[in-house]
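# Tertiary structure, described
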Amino acid sequence: MSEESRAAKEHSPLKSIGEWEEDVLRRYPESGKTPKAKEEFRNYAAPPRATVREFYRINHTYQTLEFVQQKKKQFLSLNRKNMSTWEAMEYLNTLVDDSDPDTDLSQLQHLLQTAEAIRADGHPDWFVLTGLLHDLGKVLCLFGEPQWAVVGDTFAVGCAFSDKVVYPEYFQQNPDDRNPAYRTRLGVYEEGCGLDKVHLSWGHDEYIYNVVKGHLPEEGLYMLRYHSFYAAHREGAYTYLMNEHDKRMFEWVRRFNPYDLYSKSPVPPDPVALRPYYDALIAKYLPAKLRL
Ligand SMILES: [Fe+2]
Ligand SMILES: [Fe+2]
């Protein structure tokens, strides 16, 4: 194990990155389902695990504006690997951690289930493809990045931290919280400047958005780029940084979210059977090789 991946592991308290998503589900349980179905799905009554709290402590402490800018410089040159979309999905699936095989879906299964649920509801094909791609950015873990720089609810940096973000108390540990230029409501931004000008905490959303930018309709790109921005799409925070276009596009981010959280099906999807459909869909929109 390299020095870098050892450091990443030491700063990765979650047993698996799926633990973050489990906690999101605990915070945002599916509404309108019978209690029985809910119980079959997840145990919502369970308190947040200590590992999840520790994860957020680290995430909120180290995600500064400078860190985000440095990560963009480091990763958005997209010069690490060239692989087809399906190869990238299989590569992501090699992510091994201490997850519980009985409760945790593989990454590939989560992508296929999300996409299949969107397809079953009769949505346009680019929406289905967005579901298939949405977590591909987690390959950052395979590039040696620690959990807190790959997953977790995202939030704006360079302006005051929102108390609508989970565990806001941990932002007190963030050096930007003591920086007079960053700690005001607007910080380095202007009212209604538009989210494209705003730096969010770094993770798999911004990364996959950049990988497929230019190949999907804008609605799909918004879903990819902001799907972990729960404070905005679930809590209504940060509207003062959005422009009117962002606000309209966030309707699509909200439409996507239930498929990400609630599409767990009793029978895991069969990648072999589904492959021809997805190969054709990928070929319709994406280049033969993705630059990661
Ligand atoms: Fe995600
Ligand atoms: Fe997901």
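Residues numbered from 1 in each chain as written. Chains lettered and ligands numbered in written order. Predicted model: local features only at pLDDT ≥ 70, side-chain atom pairs only at ≥ 80, totals over all residues.

### Digging into the overall build of the chain
Within the chain, the regular secondary structure consists of 13 helices and 2 strands. Looking at the chain alone, contacts between residues at least 24 apart form 78% of all its contacts between residues at least 6 apart. (Helix = DSSP H or I, 4+ residues; strand = E, 2+ residues; numbered from the N terminus. Contact = placed C-beta atoms within 7 Å.)

### Notes on the packing of helix H8 (residues 125-133) against helix H13 (residues 271-285)
Packing of H8 against H13 brings their axes to within 10 Å, and their N-to-C directions diverge by 105°. Classified by the angle their axes make, H8 and H13 are roughly perpendicular. Two secondary-structure elements touch here, H8 through Asp125, Trp126, Val128, Leu129 and Leu132 and H13 through Tyr278, Leu281 and Tyr285. A per-class count over the contact of H8 with H13 returns 7 nonpolar, no polar and 1 charged. (Axes fitted to C-alpha atoms, helices over the stretch in contact; angles between N-to-C directions. Parallel < 35°, antiparallel > 145°, perpendicular 65-115°, else oblique. Nonpolar A, V, L, I, M, F, W, Y, C, P; charged D, E, K, R; others polar.)

### Overview of unusual backbone geometry
Trans is the prevailing form of peptide bonds, just as negative phi is the prevailing case for residues other than glycine. Even without glycine at this site, Leu78 takes up a positive phi of about 50°. Mapped onto the elements of the fold, Leu78 is located in the loop between helix H5 (65-75) and strand S1 (82-83). With a phi close to 50°, Tyr167 is a non-glycine residue in the positive phi region.

### A closer look at helix H7 (residues 107-120)
Under the 1.5 Å per step criterion, the end-to-end length of H7 is 20 Å for 14 residues, consistent within 8% with the ideal 20 Å. With 12 of 14 residues buried, H7 lies mostly within the body of the structure. For H7, the complete set of buried residues consists of Gln107, Leu108, His110, Leu111, Leu112, Gln113, Thr114, Ala115, Glu116, Ala117, Ile118 and Arg119. In the core, the buried residues of H7 are packed alongside helix H6 (85-92), H8, helix H12 (244-262) and H13. (Expected span 1.5 Å × (residues − 1). Buried ≥ 20, exposed ≤ 12 C-beta atoms within 10 Å, placed from the backbone.)

### Side note on the environment of Ile118
Tracing the backbone through its elements, the reader meets Ile118 in helix H7. For Ile118, the contacting residues outside a window of four places in its chain are His123, Phe127, Val128, Gly131 and Tyr259.

### Comments concerning the environment of Gln113
Mapped onto the elements of the fold, Gln113 is located in helix H7. Sequence separation between Gln113 and Tyr259 is 146 residues; the distance between their C-alpha atoms is 8.4 Å. Setting aside residues no more than four positions away along its own chain, Gln113 makes contact with Ser263, Lys264, Ser265 and Pro269.

### Quick word on the environment of Ser263
In this structure, Ser263 sits in the loop between H12 and H13. What makes Ser263 partly exposed here is the crowd of 18 C-beta atoms within 10 Å. For the pair Ser263 and Leu112, spaced 151 residues apart in sequence, the C-alpha to C-alpha distance is 9.8 Å. Not counting the four nearest positions on each side in its chain, Ser263 is found in contact with Gln113, Thr114 and Ala117.

### Section: the confidence of the model for the chain
Per-residue pLDDT for the chain averages 91, and the proportion of residues at 70 or more is 88%. Residue range residues 34-44 is modelled with pLDDT below 50. Its contacts to residues more than four positions away, or to other chains, number 9 contacts. (pLDDT = per-residue confidence, 0-100.)

### Remarks on the packing of H8 against helix H10 (residues 218-226)
Relative orientation of the contacting elements H8 and H10 amounts to 20°, with a least axis distance of 9 Å. On the basis of the axis angle, H8 is roughly parallel to H10. In the packing of H8 onto H10, the handedness of the crossing is right-handed. Here Trp126, Phe127, Thr130 and Leu133 of H8 come into contact with H10, specifically with Gly220, Met223 and Leu224. (Left-handed = near helix turned anticlockwise from the far one by under 90°.)

### Some details on helix H9 (residues 204-212)
Residues separated by three or four positions in an α-helix point in the same direction, a consequence of the helix having 3.6 residues per turn. For H9, a buried count of 8 out of 9 residues is recorded, marking the element as mostly surrounded by other parts of the structure. Those residues of H9 lying buried are His204, Asp205, Glu206, Tyr207, Ile208, Tyr209, Val211 and Val212. In the core, the buried residues of H9 are packed alongside H5, H8, H10 and strand S2 (290-291). Two residues or fewer past H9, Gly214 is found with a positive phi of approximately 90°.

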